[in-house]
Amino acid sequence: MPDKTINGVSISVDDDGFMTDHSQWNKELAAALAEEEGISLSDGHWKVIDYILADYAEKGTVPGMRRINKVGGIPTKELYALFPGGPIKKAAKVSGLPKPTSCV
Amino acid sequence: MKNILILGAGTAGTIMANQLRKKMNLEQWKITIVDKEGDHYYQPGFLFMPFGIYSESDVVKPKRRFVGAGVDYLEADVDRIEAEQNQVFLKNGECLPYDVLIVATGTAPVPEETEGMTGADWGKNVHEFYTFEGAKALAKTLDGWQGGRLVMHICEMPIKCPVAPLEFVFLADSWLRKRGLREQTELIYVTPLSGAFTKPVASKILSGLLEEKQIEVVNDFNIGSVDNEEHKIVSWDEREVAYDLLVTVPTNMGDSMVERSGLGDELNFIPTDKHTLQSKAHENIFVIGDATDAPTSKAGSVAHFEAEVLIENIMAFTKGEPLPEKFDGHANCFIESGNGKGFLLDFNYDLEPVPGKFPLPGIGPMSLLTETRLNHMGKMAFRWVYWNMLLPGHPIPMVGHRMTLTGKNIPEGVKIPESLDA
Ligand SMILES: Cc1cc2nc3c(=O)[nH]c(=O)nc-3n(C[C@H](O)[C@H](O)[C@H](O)COP(=O)(O)OP(=O)(O)OC[C@H]3O[C@@H](n4cnc5c(N)ncnc54)[C@H](O)[C@@H]3O)c2cc1C
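Residues numbered from 1 in each chain as written. Chains lettered and ligands numbered in written order. Predicted model: local features only at pLDDT ≥ 70, side-chain atom pairs only at ≥ 80, totals over all residues. Heavy atoms only, no water.

A.B. asks: Where do I start with the overall build of chain B in this structure?
C.D. replies: Helix and strand content of chain B: eight helices and 24 strands. Compactness check: chain B gives a C-alpha radius of gyration of 22 Å against a globular reference of 22 Å for 422 residues, within 12% of the reference. Taking the principal axes of the C-alpha coordinates as reference, chain B spans close to 65 × 55 × 40 Å. By the burial criterion, 59% of the 422 residues in chain B qualify as buried. Across chain B, contacts joining residues at least 24 apart in sequence account for 67% of those joining residues at least 6 apart. Roughly 17,100 Å² of accessible area belongs to chain B as shown, and the carbon and sulfur atoms make up 49% of that amount. (Helix = DSSP H or I, 4+ residues; strand = E, 2+ residues; numbered from the N terminus. Rg over C-alpha atoms; globule rule 2.2 N^0.38 Å. Buried < 20%, exposed > 50% of the residue type's maximum accessible area, 1.4 Å probe, protein only. Contact = heavy atoms within 4.5 Å. Areas by Shrake-Rupley, 256 points an atom, 1.4 Å probe, with all protein chains shown as cover.)

So this is what it looks like as structure tokens:
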């Protein structure tokens, strides 16, 4: 596993830059990871991150767009505005979670 | 007398009914199966109908014919399950009590989930082949095809038979060539995934095949809407793909009965223990086939392997014993690749599809993850196996529910899961 230094701390990440040890994650780190994606975290972003983390703790997988919309109450349009490009991948990365596996 | 109630007489429900009637003590247990439709469709055949390879009569037979003696067959629409009361209400108001419930209501395409999908183009230049009616209509439209932009598109995952859209473009390519229309046709494959398939090794091989056949691929495309006026699909991040003919796989959802019963997730799939197939919410409810949220393919082969596990678990449950069998996610899928050839995939929860021979190491005769004529013949032979062996609940020789490593060549970089060490 490659290591990476961010904010002066060393974290373990996979080849695509997703954290592999969530215990190393904290809010400051999230802000730094977001910055790498060109995102500056607002309350709207935190609403998404908090939902994803809670859902991950319960289900063990990163929720998809529909789940974040229907269960998490965040409209898909808003999700794209907050995390342009690939919202689920970006949100998972910033939340310190593994790369979302595409469904079978 | 106690009641075992099965909801849905598709692939999974029918196999379960036929196995239960052979194994349960029918003096103590009454087995009832309910389905809202009289016809049983061989769904893998829907892929071949648009190209005139199968006709309607190849893929449809009366459901009742496949449910053996000793099982009560009821043609009715299920309204909801009242799990706390151990009862099921039918739309006609009838109430069926149960001691053990098996939910096998599958998944179906719901085009209304996408904005504009069922607009003016629907049934004209927007089609699907995941239903009997849809496959028939598409056959008619393709028959008049003179060329243009033919777009194969997937709305969102998971879908049943996740390789079917790929098979469709491969078959379309060879069909167009035969008709002398390939030069006039742009073939485009649009997927919400980052690659051709969900698992890396297979995805790489299938991507190579798409390239070879000059099929353009648009990745990571999450559809927001269909623009019926300009004939294009638009993604949430505002990318556009124009079509003359759009063949889409609409959002797949579990039956609305699941939602009315308060038992489903956001797609009406039922949270299910992926090894025992017991519902996570109620211990006397079991779920099988496409209706579960188990992280393996939604496929007939999976329903068949699951049935082998579930029968043992239900036998144990009715005797008050612990559930003995563990489902490993085993899936076994043929992929038509056009020109009379095909691939075969064999995988489970822990191991992605890899190359090798199946079912006998070194001999096969089937080859895994390799394009052969024999794999195509296997797929075509499967229709007979489905009607005559699978549905009646007869065992299929040499292919068991537990996946094995025998015959598989594990490529470098693919980790062998501990569960399969030996
Ligand atoms: C185009 C296509 C190609 C495919 N190719 C393959 C392939 O090559 N290999 C493979 O293994 N699989 C393939 N499949 C997938 C396979 O057909 C399904 O995975 C399989 O049928 C699942 O079985 P099931 O019993 O869970 O659901 P189904 O067979 O769909 O049965 C569900 C049943 O429940 C009934 N039902 C639903 N709701 C209610 C209600 N409220 N009241 C009463 N009845 C209800 C329905 O009428 C239906 O009969 C393909 C599917 C499609 C669409």
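There's more to say after this.
A.B. asks: Teacher, can you tell me more about the nonpolar core here?
C.D. replies: For soluble globular proteins, nonpolar side chains are generally found buried alongside one another. By size, the foremost hydrophobic cluster in this structure holds 105 residues, and its most contacted members are M16, L20, F129 and F168 of chain B. Contacts of M16 of chain B, omitting those with residues within four sequence positions, involve I6, I102, I288, A307, L310, I311 and I314 of chain B. Grouped together as the second largest cluster of nonpolar side chains are 31 residues, A34, V48, I52 and L82 of chain A included. (Core = buried A, V, L, I, M, F, W, Y, C linked by side-chain atoms within 4.5 Å.)

A.B. asks: I keep staring at the domain arrangement of chain B and nothing clicks. Help me out?
C.D. replies: Much of the literature gives interface size as the accessible area that the parts lose upon coming together. Residue and element names in this part refer to chain B. Per the domain assignment, the segments of chain B are domain 1 (2–107 + 254–319), domain 2 (113–251) and domain 3 (331–420). The C-alpha-based centres of domain 2 and domain 3 are spaced at 26 Å. Carbon and sulfur atoms make up 70% of the surface buried where domain 2 meets domain 3, a total of about 1,300 Å² over both sides. Of all residues in domain 2, E167, K199 and V201 bury the most surface against domain 3, accounting for 33% of the area lost on that side. (Domains from an automatic or database assignment. Buried area = accessible area lost by both parts, 1.4 Å probe.)

A.B. asks: Help me understand helix α4 (residues 164–178) of chain B, please; the structure alone is not making it clear to me.
C.D. replies: Note: α-helices contain 3.6 residues per turn, so residues at a spacing of three or four share the same orientation. Residue and element names in this part refer to chain B. For α4, which comprises 15 residues, the first-to-last C-alpha distance of 21 Å matches the rise-based estimate of 21 Å (1.5 Å per residue) to within 8%. Across the 15 residues of α4, 13 count as buried, placing the element largely inside the fold. G180, located one to two residues past α4, shows a positive phi value of around 70°. (Expected span 1.5 Å × (residues − 1).)

A.B. asks: Sorry, what's going on with the site of the ligand here?
C.D. replies: Residues and elements named next belong to chain B. By nearness alone, 29 residues border the ligand, and T11, A12, D35, V78 and D290 come closest of all. With respect to the ligand, the side chain of D35 contributes an N or O atom lying 2.6 Å from an oxygen atom. Here an oxygen atom of the ligand sits 2.9 Å away from a polar atom, N or O, in the main chain of D290. In the complex, 94% of the free accessible area of the ligand, which totals 1,000 Å², lies under the protein chains. At the level of secondary structure, the elements contributing two or more residues to the shell around the ligand comprise α1 (11–23) and α7 (300–318). Each residue belonging to the shell around the ligand can be placed in one class, and the counts come to 11 nonpolar, nine polar and nine charged. When we break the shell around the ligand down by domain, the ones giving at least three residues each are domain 1 (2–107 + 254–319) and domain 2 (113–251). (Near = heavy atom within 4 Å. Polar contact = N/O pair within 3.5 Å; in protein donor to acceptor, adjacent residues only side chain to side chain. Nonpolar A, V, L, I, M, F, W, Y, C, P; charged D, E, K, R; others polar.)

A.B. asks: So what exactly am I meant to see when it comes to the packing of aromatic side chains here?
C.D. replies: Aromatic rings considered in pairs are described by the distance between their centres and by the relative angle of their planes. All names here are of chain B. For the structure shown, the criterion picks out 15 aromatic pairs over all chains. Between F327 and Y349 the ring centres are 5.8 Å apart and the planes differ by 80°, which places this aromatic pair in the edge-to-face class. Taken together, the positions of F327 in the loop between α7 and β21 (331–338) and Y349 in the loop between β22 (341–347) and β23 (356–360) put the pair 22 residues apart, joining distant regions of the chain. A single burial state applies to F327 and to Y349, both of which are buried. For the pair Y386 and W387, a centre-to-centre distance of 5.6 Å together with 80° between the ring planes defines the contact as edge-to-face. Since its relative accessible area comes to 6%, W387 is described here as buried. Members of the aromatic cluster, joined through ring pairs, are F51, F129, Y130, F168 and W175. (Phe/Tyr/Trp six-rings, centres within 6.5 Å; stacked < 30°, edge-to-face > 60°.)

A.B. asks: How do you make sense of the sheet that holds strand β18 (residues 245–249) of chain B when you look at a structure like this?
C.D. replies: Each strand in a sheet pairs with another by means of backbone hydrogen bonds, the pair being arranged parallel or else antiparallel. Residue and element names in this part refer to chain B. The five strands are arranged β11-β18-β12-β13-β14 in an open sheet whose pairing can be described as parallel. In the strand order of this sheet, the two ends are held by β11 (126–127) and β14 (216–218), each with one partner. Taken together, the three bridges between strand β13 (residues 185–190) and β14 define a ladder with parallel strand orientation. Paired with V190 across the bridge in β14 is V218. Across the face of the sheet, helix α3 (residues 132–143) comes into contact with β11, β12 (148–154) and β18 while running at roughly 160° to β18. In this fold α4 packs onto β12, β13 and β18, with an angle of close to 175° to the strand it touches most, β13. (Pairing = 2+ DSSP bridges. Axes fitted to C-alpha atoms, helices over the stretch in contact; angles between N-to-C directions.)

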